Amino acid sequence: MTTTPSTPGQDGPLQGARVLVTRSPERSTALLQALRGAGADPVLLPLIDFERAPDQHALDVACDALAAGAFSWLVVSSATTVHVLVEKAAERGLDLAQLVPPATKVGAIGPATRRILEAQGLRVELVPSGEQSAAGFLEVWRGGGRVLLPQADIAAPRLSDGLAAAGSDVSVVTAYRTVEFPAAAERRLAVQPEDAGASQAPPSYTLLTPETAAAEITGGRIAAVLAASPSAVRRIAALSPLGTCRLVAIGRSTADQAGALGLPVAAVAEEPTPEGLVAAVVKALNPP
């Protein structure tokens with residue numbers, strides 16, 4: 001793998017701590033900068049990647065029905081799904097705001113998802129008021145209506161089941177596949193940086209291989225590792241015993257998966273934002 005030398009962080013609560021980020025570089029810009037700003041030395045080990053859904057026909061049918069006004073709600077649970085929808089709109093010569101009719105309301109989970117939807121010109125009508133998760137969204141869901149729910153192939157059924165239980169007519173379609181990093185070049189979803197402005201230069205970073213990361217963890221040279229999803233936790237568990245490395249989970253479902261695998265969770269980020277993640281790492285490395 002290509003390695004781009006990283007610059008050590010400034011003075012801060014994480015001064016000198018090496019933190020392993022398990023996201024791809026284009027999804028980590030603001031997080032790397034936030035960690036470095038807190039004094040950390042972040043390194044990257046992308047564990048998962050995303051490919052186009054194998055059944056493009058089903059996705060096309062769903063998008064055409066969406067454009068025709070067949071749904072009263074579009075519920076989007078990940079920023080990756082937004083990228084897929086943008087791509088599908090472009091195939092039809094449209095912007096995403098043109099693909100989604102004005103009468104179709106939009107619900108979103110996660111600040112990155114909401115931000116990208118709004119950047120595409122859509123008004124987000126409903127978001128969780130607390131925990132940014134399926135459970136948090138269902139707490140504010142009013143029920144009823146026809147709902148289009150495009151999501152990952154490995155998405156848990158909690159959101160779709162909860163929407164249906166509230167009286168909604170839910171159409172679930174696979175928007176993309178989650179695979180081991182790196183995805184096949186011909187099927188990989190090309191996404192723009194999710195957490196930085198277009199004019200913001202990408203930070204330098206060090207990209208590790210799984211073998212190097214395992215050796216670094218075993219040698220006690222990684223202070224903390226950030227797990228962004230249950231699937232990432234499963235891959236972290238395969239690296240090696242974590243030893244003194246502290247596991248920080250992004251969200252309750254990720255923490256629950258870690259617990260099921262016997263991995264102790266040192267902290268759970270209260271918000272899936274760069275600032276929330278840095279705060280969780282600080283908490284993990286400086287327990288009361």
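Residues numbered from 1 in each chain as written. Predicted model: local features only at pLDDT ≥ 70, side-chain atom pairs only at ≥ 80, totals over all residues. Heavy atoms only, no water.

Enquirer: Quick question: what am I supposed to make of the overall build of the protein chain here?
Expert: The helix and strand tally for the protein chain stands at 11 helices and 11 strands. For a compact globule of 288 residues, the expected C-alpha radius of gyration is about 19 Å, and the protein chain comes in at 19 Å, within 12% of that figure. Each principal axis of the C-alpha distribution contributes one length, and for the protein chain these read about 55 × 35 × 30 Å. Across the 288 residues in the protein chain, those meeting the buried criterion constitute 48%. Considering only intrachain contacts with a sequence separation of at least 6, the fraction spanning at least 24 residues in the protein chain is 66%. (Helix = DSSP H or I, 4+ residues; strand = E, 2+ residues; numbered from the N terminus. Rg over C-alpha atoms; globule rule 2.2 N^0.38 Å. Buried < 20%, exposed > 50% of the residue type's maximum accessible area, 1.4 Å probe, protein only. Contact = heavy atoms within 4.5 Å.)

Enquirer: Explain the sheet that holds strand 3 (residues 48-52) here, please?
Expert: In sheet architecture, strand pairing relies on hydrogen bonds along the backbone and comes in two forms, parallel and antiparallel. Sheet architecture is open: 6 strands sit in the order 3-8-7-4-5-6, paired in mixed fashion. The open sheet has two free edges, formed respectively by strand 3 and strand 6 (124-126), since each of these has just one partner strand. The sheet shows a mean angle of 35 degrees between the axes of neighbouring strands, taken without regard to direction. Note: strand 4 (residues 73-76) against strand 7 (residues 146-152), 2 bridges, orientation parallel. Residue pairing across strands places Trp-73 opposite Val-147, the latter belonging to strand 7. (Pairing = 2+ DSSP bridges. Axes fitted to C-alpha atoms, helices over the stretch in contact; angles between N-to-C directions.)

Enquirer: What is the right way to look at the pairing of strand 1 (residues 18-21) in this model?
Expert: A regular strand places its side chains so that they alternate between the two faces of the sheet. The side-chain alternation of strand 1 yields two buried faces, one formed by Arg-18 and Leu-20 and the other by Val-19 and Val-21. In the sheet, strand 1 pairs with strand 2 (residues 41-44) via 4 bridges, with the strands oriented parallel. Residue pairing across strands places Arg-18 opposite Asp-41, the latter belonging to strand 2. In this fold, strand 1 hands off to helix 1 (residues 29-37), which returns the chain to strand 2; that crossover is right-handed. As paired strands, strand 1 and strand 9 (residues 224-227) are joined by 3 bridges and run parallel to one another. Among the inter-strand pairings, Val-19 is bridged to a residue of strand 9, identified as Ala-224. (Right-handed = clockwise from strand over helix to strand, strands pointing away.)

Enquirer: Is there a simple way to think about the confidence of the model for the protein chain in this case?
Expert: Interpretation of this model should avoid reading the predicted coordinates in detail wherever pLDDT is low. Considering every residue of the protein chain, the mean pLDDT works out to 90; 92% of them sit at 70 or more. This model gives residues 1-6 a pLDDT under 50, and the stretch forms 20 contacts once residues within four places in sequence are excluded. Within the model, pLDDT remains below 50 along residues 196-202, and this stretch shows 3 contacts once partners closer than five positions in the same chain are excluded. (pLDDT = per-residue confidence, 0-100.)

Enquirer: It is not clear to me how the packing of aromatic side chains should be interpreted in this structure. Could you clarify?
Expert: Aromatic rings considered in pairs are described by the distance between their centres and by the relative angle of their planes. Per the counting criterion, the structure on display carries 3 aromatic pairs. By the ring-pair criterion, three or more aromatic residues cluster together here, those being Trp-73, Phe-137 and Trp-141. (Phe/Tyr/Trp six-rings, centres within 6.5 Å; stacked < 30°, edge-to-face > 60°.)

Enquirer: Got a minute to help me understand unusual backbone geometry in this structure?
Expert: Glycine aside, a negative phi is what most residues show, and trans is what most peptide bonds show. Put simply, Phe-181 and Pro-182 share a cis peptide bond, and its omega is 0 degrees. Take Pro-182: it is sitting in the loop between strand 8 (169-180) and helix 8 (210-218).

Enquirer: Before we go on, may I ask you to explain the pattern of salt bridges in this structure?
Expert: Between side chains of opposite charge, a pair can form as their charged atoms come close. Counting across every chain of the model gives 17 salt bridges. Between Asp-60 and Lys-88 there is a salt bridge, and its shortest N-O distance comes to 2.9 Å. Residue Asp-60 is found in helix 2 (residues 56-67), and its partner Lys-88 is found in helix 3 (residues 79-91); the two are separated by 28 residues along the sequence. In this structure Asp-60 comes out as partly exposed when scored by relative accessible area, which is 22%. For Lys-88, a relative accessible area of 2% gives the class buried. Here Arg-146 and Asp-169 are joined by a salt bridge, their closest N and O atoms 3.6 Å apart. Linking Arg-146 in strand 7 with Asp-169 in strand 8, this pair joins segments that are 23 residues apart in sequence. What makes Arg-146 partly exposed here is its relative accessible area of 36%. Linked by salt bridges that have partners in common, Asp-60, Asp-64, Lys-88, Glu-91 and Arg-92 make up one network. (Salt bridge = Lys/Arg side-chain N within 4 Å of Asp/Glu carboxyl O.)

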